[in-house]
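Each chain, letter by letter, is given below.
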Amino acid sequence: KIFLFLKDIGIYSPNNEAQSTAFFLLVVLLSFSTRLYKIMEPPHVCWDETHFGKMGSYYINRTFFFDVHPPLGKMLIGLAGYMTGYDGTYPFLKPGDKYEHHNYWGMRGFCASLGSCLPPFAYLTVLELSQSPTAALITAAVLAFGEDLLLTNFVHSDAAMLSPMVFRPFSAPWWFWLVLTGVNLSGALGVKFVGLFVILLVGMNTAWDLWSLLGDLRLSLIDFGKHVLSRVFGLILLPLFLYVTIFAVHFVVLNKSGPGDGFFSSAFQSRLIGNNLHNASMPEYLAYGSIITVKNLRIAGGYLHSHWHLYPEGVGAKQQQVTAYLHKDYNNMWLVHRSNDRDGEPDLVRHGDIIQLEHKETTRNLHSHLHEAPLTKKHFQVTGYGINGTGDPNDLWQVEVCGGRKGDLVKVLRSKVRFLHRATGCVLYSSGKTLPKWGWEQVEITCSPYLKETPNSQWNIEDHINAKLPNISLSVLKPHFLEILLESHIVMIRGNSGLKPKDNEMNSKPWHWPINYQGLRFSGVNETEYRVYLLGNPVIWWLNLVSLGLYVVMVAVYLILTLMCVCAEHCRVLMEGGGLLLLGWLLHYVPFYTMGRILYYHHYFPAMLFSSMLTVLTYGSAHPILTGFYICFSLCLSKPCSFYMFHPLSYGMRGPLAHDPDSTMAGLKWMDSWEF
């Protein structure tokens, strides 16, 4: 009876169009209902809403900000809020703040709707790989009953796996899916840089596809060339154009000065309405006798700054502090002098010149010596020394225009310059380290003996005042679109690499993820608060983990059967379709072991999607008894039951914590590392 039953509903039974459509509609209904349920709860800010909600507000107010990821996701969140009546005035200060009268359902509903598309897309993907509505339905059910994906708040277009080759080449449906794949690729990368992983997956699959076509003797070289060009257009040129367009819209919308200004160069800031450099005028080239501000080029490197306070006893020489300050301030002003003549004509400063920088407010010179720096012990201390501009030879600095030659001029905003200390041979450097309270928690400035060009040792002239020189409008120095596009990517990449875990800050490890070792607290801590905890459905996650090992064993067995010419159709599905899904899992998981940045539990979600689809294909290719057991276990018992048991974590709960017998989660804290 079991075998007759499996033959009738076999996981690889022929694809029935009516059955597929009915299953798909069921999946859509199930997915949207589980994700939109209680969408308004809790009525306060939860975890990442602090950032994404605030960024949505910035788009509505057209205020420039900085984030380490491309802008499409935040842009769409802002658009969703705007179209549903949110006015962009809520501050999103910290988790737990009440929304009160502010309209927040549109932004939450939009993110939940995107998450609701994952099970239907997974259904279509597995249906294409296996030609089995049953297998596709099980996959979608696995994802629909996963508590983890109920809380996804980012877009990742894994549906880009759908291959246009299932249709007659160059037909209308074929072009539709090819173009849609390209659109999805640009969308995936336009939201987060991890979209590169799915681009790599599609690229490898496309390369294999073209290699197979090249070996098809029935295909002429002209037709093969058409296949190559069509893929270049659909999978390279079109996604690249759309990706660049996303940034073009981003720069046009965010045209007002905001909290992101300081992360970018002075030239970039000159385009922003409300910035002090916007439509300003000043002399074009640096000259002696000028009053200037000097900005470091590392992310949030700050302005060269000094004040009347001295370094404390035991911290180098007890001379005036020199720091980097992140805000515009009068104490950022410096006077440029010749090394030997203070009253000459306003000659222009050139590459290779020896200068002195006098702090305008305190009249002390920028100075360095062989005392060690306060925090970076292998560097030298930088101080303010002397009085009324008189000091000693340790006040002399040589100007170096990066990439320049002797005699080149220093252009405000645009030239990258370094200041080499004549006496010690070190270079003026912003370490990025925050000084203690005696340094007003400003950024440490040192003189580095390591002369390699880095953003920490590169500076540009921002403000430039000299009454003896003619002014020009800074609008002529504004960077063009490709320059700001390149700069924004450099800043994002540096920002990503700078996201290091701080002391006592939660940092998830990649090995935690497949075993569901630890979740993520979205809202609330104690029993009086509304608590939401992000944790994967343990039955699904642990079954996925077992299936990865089972898949490897089954592939080895089927390879042997293939050599014996006794392997059936499901062998091909397992090795080709399953191989693609395994590659997707590896590409979205293994790279995180090489990353030094802080990691979070949700970084595993794209890999988990591939793992869940692979699980279904693996059990579907096993012995019929094992397949039947999995179908019954998945659809009838484990997934719905475990979803019901753990659903308070996702939808929210109040009352006693899990260790209390009266808690709704009593007895369900199966691992000590779970923090609910």
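Criteria and cut-off values
Residues numbered from 1 in each chain as written. Predicted model: local features only at pLDDT ≥ 70, side-chain atom pairs only at ≥ 80, totals over all residues. Heavy atoms only, no water. Helix = DSSP H or I, 4+ residues; strand = E, 2+ residues; numbered from the N terminus. Buried < 20%, exposed > 50% of the residue type's maximum accessible area, 1.4 Å probe, protein only. Contact = heavy atoms within 4.5 Å. 1 Å grid on protein atoms, 1.4 Å probe; cavity = no way out; pocket = protein on both sides within 12 Å on 5 of 7 lines; lining within 4 Å. Points joined across faces, edges and corners; volume = space filled by probe spheres on them. Nonpolar A, V, L, I, M, F, W, Y, C, P; charged D, E, K, R; others polar. Expected span 1.5 Å × (residues − 1). UniProt positions renumbered as here; feature names shortened; annotations may be inferred. Salt bridge = Lys/Arg side-chain N within 4 Å of Asp/Glu carboxyl O. Axes fitted to C-alpha atoms, helices over the stretch in contact; angles between N-to-C directions. Left-handed = near helix turned anticlockwise from the far one by under 90°. Patch = residues over 30% accessible without salt bridge, like charges linked within 9 Å, V, L, I, M, F, W, Y side chains within 5 Å. Areas by Shrake-Rupley, 256 points an atom, 1.4 Å probe, with all protein chains shown as cover. Phe/Tyr/Trp six-rings, centres within 6.5 Å; stacked < 30°, edge-to-face > 60°. Lys NZ or Arg CZ within 6 Å of the ring centre and 35° of its normal. Parallel < 35°, antiparallel > 145°, perpendicular 65-115°, else oblique. Core = buried A, V, L, I, M, F, W, Y, C linked by side-chain atoms within 4.5 Å. Pairing = 2+ DSSP bridges.

A closer look at the side chain of Ser488
Right, so step 1: For Ser488, the position within the fold is in helix H12 (residues 481-497).
Right, so step 2: The buried category is assigned to Ser488, whose relative accessible area is 4%.
Right, so step 3: The contact partners of Ser488, leaving out residues within four places of it in the chain, are Phe247, Phe251 and Phe264.

So, the layout of surface pockets
Right, so step 1: Reported here for the largest pocket is a volume of approximately 1400 Å³.
Right, so step 2: Lining the largest pocket are 41 residues, with His51, Asp67, Val68, Gly495 and Leu499 sitting closest to its centre.
Right, so step 3: Counting residues per element, the ones that place at least two in the lining of the largest pocket are helix H3 (49-61), strand S11 (427-434) and H12.
Right, so step 4: Broken down by element, the residue count for the lining of the largest pocket peaks at six residues, all from H3.
Right, so step 5: Each residue belonging to the lining of the largest pocket can be placed in one class, and the counts come to 19 nonpolar, twelve polar and ten charged.

So, helix H13 (residues 538-563)
Right, so step 1: The terminal C-alpha atoms of H13, which comprises 26 residues, lie 38 Å apart, in line with the 38 Å expected from a rise of 1.5 Å per residue.
Right, so step 2: Within H13, burial applies to Pro538, Val539, Ile540, Trp541, Leu543, Asn544, Ser547, Leu548, Tyr551, Met554, Val555 and Tyr558.

Some thoughts on the UniProt feature "transmembrane region" (unreviewed entry) in the chain
Right, so step 1: Cross-referencing UniProt, the feature "transmembrane region" (unreviewed entry) maps to residues 20-37, 104-123, 135-155, 175-208, 228-254, 539-561 and 573-592 in the present numbering.
Right, so step 2: Helix and strand shares over residues 20-37 are 94% and 0% respectively, and the end C-alpha atoms of the span are 26 Å apart.
Right, so step 3: Structurally, residues 228-254 comprises 96% helix and 0% strand, and the distance from its first C-alpha atom to its last is 38 Å.

Describing the pattern of salt bridges
Right, so step 1: The full count for this structure, using the stated rule, is 13 salt bridges.
Right, so step 2: One salt bridge in this structure joins Glu462 and Lys328, with 2.6 Å as the shortest N-O distance. With a gap of 134 residues between them, Glu462 in strand S13 (residues 459-465) and Lys328 in the loop between strand S4 (320-325) and strand S5 (334-338) connect regions that are remote in the sequence.
Right, so step 3: You can call Lys328 partly exposed: its relative accessible area is 40%.

Considering H12
Right, so step 1: The end-to-end C-alpha separation of H12 is 25 Å, in line with the 24 Å expected for 17 residues at 1.5 Å each.
Right, so step 2: All buried positions along H12 are accounted for by Ile484, Leu485, Glu487, Ser488, His489, Val491, Met492, Gly495 and Asn496.
Right, so step 3: Here the buried face of H12 lies against helix H10 (221-253) and helix H11 (266-269).

Re the packing of helix H8 (residues 172-191) against H10
Right, so step 1: Put simply, H8 and H10 touch, their axes get as near as 8 Å, and they point 35° apart. The two elements H8 and H10 cross, and the hand of that crossing is right-handed. Mapping the contact onto sequence places Trp174, Trp175, Leu178, Val179, Thr181, Gly182, Val183, Leu185, Ser186, Leu189 and Gly190 in H8 and His227, Ser230, Arg231, Phe233, Gly234, Leu235, Leu238, Pro239, Leu242, Tyr243 and Ile246 in H10.
Right, so step 2: Taken together, the residues that form the contact of H8 with H10 break down as 14 nonpolar, seven polar and one charged.

With respect to a nonpolar patch on the surface
Right, so step 1: On the surface, Phe170, Trp175, Val232, Phe233, Ile236 and Leu237 cluster together into a nonpolar patch covering about 500 Å² of accessible area.
Right, so step 2: It is H10 that provides the largest number of residues to the nonpolar patch, a total of four residues.
Right, so step 3: When you line up the elements, Ile236 lands in helix H10.

Side note on unusual backbone geometry
Residues other than glycine predominantly adopt negative phi, and peptide bonds predominantly adopt the trans conformation.
Right, so step 1: The amide bond that connects Glu41 to the next residue, Pro42, takes the cis arrangement and shows omega of -10°.
Right, so step 2: Considering the arrangement of structural elements, one finds Pro42 in the loop between helix H2 (17-36) and H3.
Right, so step 3: Positive phi, close to 55°, is recorded for Glu441, a residue that is not glycine.
Right, so step 4: Relative to the assigned elements, Glu441 resides in the loop between S11 and strand S12 (443-448).

Focus on the side chain of Gln518
Right, so step 1: Within the secondary structure, Gln518 sits in the loop between H12 and strand S15 (520-523).
Right, so step 2: In contact with Gln518, not counting residues within four places along its chain, are His512, Tyr533, Leu535, Tyr601, Ser673, Trp674 and Glu675.

A short note on the packing of aromatic side chains
Right, so step 1: Under the counting rule described, the total for this entry stands at 45 aromatic pairs.
Right, so step 2: Between Tyr90 and Tyr99 the ring centres are 5.1 Å apart and the planes differ by 40°, which places this aromatic pair in the tilted class. Considered together, Tyr90 and Tyr99 belong to a single accessibility category, that of buried residues.
Right, so step 3: Taken together through their ring pairs, the aromatic side chains of Phe197, Trp513, Trp541, Trp585, Tyr589, Phe592, Tyr593, Tyr601, Tyr604 and Phe605 make up a single cluster.
Right, so step 4: Its end group placed over the ring of Phe268, Arg271 keeps NZ or CZ at 5.0 Å from the ring centre.

Some thoughts on the packing of helix H9 (residues 195-214) against H10
Helices that pack against each other are described as a pair by the angle of their axes relative to one another and the distance between those axes.
Right, so step 1: Viewed as axis vectors pointing N to C, H9 and H10 meet at an angle of 170°, and their least axial separation amounts to 10 Å. Taken together, the axes of H9 and H10 are roughly antiparallel relative to one another. On H10, the residues touching Val202, Thr206, Asp209, Leu210, Leu213 and Leu214 of H9 are Phe224, His227, Val228, Arg231 and Leu235.
Right, so step 2: Residue composition of the contact of H9 with H10, by class: seven nonpolar, two polar and two charged.

Topic: the nonpolar core
Right, so step 1: In terms of nonpolar packing, the biggest core is built from 67 residues, with Tyr123, Tyr601, Tyr604, Leu649, Met665 and Phe676 touching the most fellow members.
Right, so step 2: The leading source of residues in this core is helix H15 (residues 605-620), at nine residues.
Right, so step 3: Aside from chain neighbours lying at most four places away, what touches Tyr601 is Ser508, Trp513, Asn516, Gln518, Gly519, Leu520, Leu534, Leu535, Gly536 and Trp541.
Right, so step 4: Grouped together as the second largest cluster of nonpolar side chains are 36 residues, Leu277, Ala280, Tyr288 and Val410 included.

A short note on the pairing of strand S8 (residues 380-385)
Right, so step 1: Of all six residues in S8, five are buried, a share of seventy percent or more.
Right, so step 2: Strand direction decides the pairing type here: S4 and S8, joined by two bridges, are antiparallel. The residue bridging Gln320 from the neighbouring strand is Gly384, located in S8.
Right, so step 3: Note that strand S7 (residues 365-372) and S8 share five bridges and pair antiparallel. Along S8, the bridge assignment pairs Leu366 with Gly384.
Right, so step 4: Sheet analysis places S8 next to S12, joined by two bridges and oriented antiparallel. Directly across from Phe380, in S12, lies its bridge partner Cys447.

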